[in-house]
Amino acid sequence: MAKKTRWAVIGAGIIGAAVAREILNRHDSADVTLFEKEDNPAAHQTGHNSGVVHAGLYYEPGSLKATLCRRGVSLLTGFAAEHNVAFDECGKVVVATGEVEVQRLHAIHDRALANGVPDIALVDRNGLREIEPNAEGLAALHSPHTAIIDYPDLTDALVADFRVHGGRVRFSTPVKSVDHRGGPAARDTAIVHTPVDAQEFDHVIVCSGLQSDRLAARSGQRRTPTVVPFFGQYFILDEAHSNTVNGLIYPVPDPKYPFLGVHVTRRIDGGLMIGPNAFLSFSREGYRGLGLNLPDSLAVAVDPGFWRFAACNMATAARELPGVLSIERFVAEAARYVPSLAGADGHRATRGIRAQAMNRDGTLVDDFVIDRAGATMFVRNAPSPGATSALAIAEHLVGIIDGR
């Protein structure tokens, strides 16, 4: 009997879970271990996002984001249907409230067409009201196939499917480092070190999200791009507002700012949510209260890339700070294009934290970034639409190792 090829996947967020499952789907002879430092999957970014399945409107044509998002939607939709994961193709409008935004909307439309987004359409004020009677704007871009999903439930289903097919999951097992082993006379392998043991694998794929730069550095790889955490607050509206919108309502992104802006999002449980904003987080994994973590804060303070970014983005901070401090200002931002939400009540939800990769010159890393060192592959950056693209990212990573 042929010796089984040993694989390790580090991180049981949606991307790590999808990668582990993909390995077993492709390789009957694989022995796969999925490592996760928490006691459950989807504990961090996957379990703290807006639940949107993106159609691929904004991404640079030909980029990994664009190609893997479109493929990811198809794979995700099929998997969700097969495994009874809640999924709702509720649609989305991007609303322009001024003439400058109308011009930007046309540019987004052109990019969406280049990315192959199906049934995308520009509509005028009357067309917008037919889709979203409570929305106000001069024009809008309608993406009828943008959807919402329960990403933690989807990740649970991926992990369950992985286990059914013989995969091994080690929860509550943080990985300290991955060491390279190999040379001219030997095939490359990698040693995964945990607090309790060290194991050798033929292939290791690291999907460690908010800790991706640290684990890469502890494994002897370059420190950049570094992760700078940005939190996003969400506000869940009272049940009385649940039927205010039919789908998702987004503002037109302003190219002066690095993030999309506050949007109105239907939840898969039937509720309505606004957010997220975006502001520097003082912790990579602090989802409640002040979220202050001294080592995480110091890491930002000594990051030269962050200070270069900050120097160029004071206007962004000034725009976002009022919504951080005041629920009323936060809601007012959404009411610009859904006026009936003005003064709406509700409650704060657990915040999300985005692992924003940043270069030393202060520029944000926009596309997915994948590094390879011997037998180990590091996913260094997988921001939105990372969750939407997860199953396609898995295909892509395993395909690279297989030489495809």
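Check the entry above for the structure.
Notes on the structure in this doc start here. (Residues numbered from 1 in each chain as written. Predicted model: local features only at pLDDT ≥ 70, side-chain atom pairs only at ≥ 80, totals over all residues. Heavy atoms only, no water.)

On to the side chain of E22. The topology assignment puts E22 in helix α1 (residues 14-26). Side-chain polar atoms of E22 contact the side chain of R26, separated by 2.8 Å. The contact partners of E22, leaving out residues within four places of it in the chain, are A394, E395 and V398. (Helix = DSSP H or I, 4+ residues; strand = E, 2+ residues; numbered from the N terminus. Polar contact = N/O pair within 3.5 Å; in protein donor to acceptor, adjacent residues only side chain to side chain. Contact = heavy atoms within 4.5 Å.)

What follows concerns helix α3 (residues 99-114). The end-to-end C-alpha distance of α3, which contains 16 residues, comes to 23 Å, matching closely the 22 Å that a straight helix rising 1.5 Å per residue would cover. Residues of α3 that are buried sit in contact with β5 (92-96), β6 (121-124) and β7 (139-143). The first or second residue beyond α3 is G116, which carries a positive phi of 80°. (Expected span 1.5 Å × (residues − 1).)

Right, let's talk about helix α2 (residues 64-82) for a bit. Counted at 1.5 Å a residue, the expected span for α2 with its 19 residues is 27 Å, and the 26 Å between its end C-alpha atoms agrees. On its buried side, α2 packs onto α1, β3 (52-53), β4 (87-88), β8 (147-149), α5 (151-164) and α11 (390-401). Within two residues after α2, N84 carries a phi angle of roughly 55°, on the positive side.

Attention now moves to the environment of L292. Within the secondary structure layout, L292 lies in the loop between β19 (279-280) and α7 (294-301). Given a relative accessible area of 63%, L292 falls into the exposed group. Sequence separation of L292 and A349 is 57 residues, and the distance between their C-alpha atoms is 18 Å. Leave out the neighbours within four places in its chain, and L292 touches F282, S283 and S297. (Buried < 20%, exposed > 50% of the residue type's maximum accessible area, 1.4 Å probe, protein only.)

To continue, consider a nonpolar patch on the surface. There is a patch of nonpolar side chains on the surface, built from F282, L290 and L292 and spanning about 380 Å² of accessible area. By the secondary structure assignment, F282 is in the loop between β19 and α7. (Patch = residues over 30% accessible without salt bridge, like charges linked within 9 Å, V, L, I, M, F, W, Y side chains within 5 Å. Areas by Shrake-Rupley, 256 points an atom, 1.4 Å probe, with all protein chains shown as cover. Salt bridge = Lys/Arg side-chain N within 4 Å of Asp/Glu carboxyl O.)

The next point concerns the sheet that holds β4. The strand order across the open sheet formed by three strands is β3-β8-β4, and the pairing between neighbours is antiparallel. The open sheet terminates on both sides in strands that have one partner only, identified here as β3 and β4. Taken together, the two bridges between β3 and β8 define a ladder with antiparallel strand orientation. When the bridges of β8 are listed, V52 appears paired with I148. (Pairing = 2+ DSSP bridges.)

Another point: the pattern of salt bridges. Tallied over the full model, the rule gives 20 salt bridges. For R26, the salt bridge goes to D402, with nearest N and O atoms at 3.6 Å. Residue R26 is found in helix α1, and its partner D402 is found in the segment after α11; the two are separated by 376 residues along the sequence. On the accessibility criterion, R26 (24% relative accessible area) is partly exposed. A single network of salt bridges, built from pairs that share partners, joins E22, R26 and D402.

Ranked by internal contacts, the top residues of the largest apolar core, which has 44 residues, are V19 and V32. Beyond its immediate stretch of four places on either side in the chain, V32 contacts W7, V9, A20, I23, L24, F162, G167 and R168. (Core = buried A, V, L, I, M, F, W, Y, C linked by side-chain atoms within 4.5 Å.)

Right, let's get into a negative patch on the surface. A contiguous patch of negative charge on the surface is contributed by D238, E239, E328 and D345. Along the chain, D345 turns up in the loop between α10 (327-335) and β20 (346-348). (Lys, Arg positive; Asp, Glu negative; His and termini not counted. Charge placed at Lys NZ, Arg CZ, Asp CG, Glu CD.)

Next up on the list: the environment of R181. One can find R181 in strand β10 (residues 177-183). Residues R181 and I191, 10 residues apart in the sequence, show an inter-C-alpha distance of 7.1 Å. Those residues within four positions of R181 in sequence are excluded, and the remaining contacts are R187, D188, T189, I191 and E200.

This part covers the packing of aromatic side chains. Throughout the structure, instances matching the rule amount to five aromatic pairs. Ring centres of F230 and F309 lie 5.8 Å apart, and the angle between their planes is 75°; this geometry places the pair in the edge-to-face category. Of this pair, F230 sits in strand β14 (residues 226-232) while F309 sits in helix α8 (residues 304-312); the two residues are 79 residues apart in sequence, bridging distant segments of the chain. Here the two residues F230 and F309 agree in accessibility, since each one is buried. Centroid distance F231 to F279: 6.2 Å. Interplanar angle 50°. Geometry classified as tilted. Within this pair, whereas F231 is found in strand β14, its partner F279 is found in strand β19, the two being separated by 48 residues in sequence. (Phe/Tyr/Trp six-rings, centres within 6.5 Å; stacked < 30°, edge-to-face > 60°.)

Between α1 and α5, the shortest axis-to-axis distance is 9 Å and the interhelical angle comes to 25°. Considered as vectors, α1 and α5 are oriented roughly parallel to each other. Crossing of α1 over α5 shows left-handed handedness. Two secondary-structure elements touch here, α1 through I14, A17, A18, A20, R21 and L24 and α5 through Y151, L154, T155, L158, V159, D161 and F162. By residue class, the composition of the contact of α1 with α5 is 10 nonpolar, one polar and two charged. (Axes fitted to C-alpha atoms, helices over the stretch in contact; angles between N-to-C directions. Parallel < 35°, antiparallel > 145°, perpendicular 65-115°, else oblique. Left-handed = near helix turned anticlockwise from the far one by under 90°. Nonpolar A, V, L, I, M, F, W, Y, C, P; charged D, E, K, R; others polar.)

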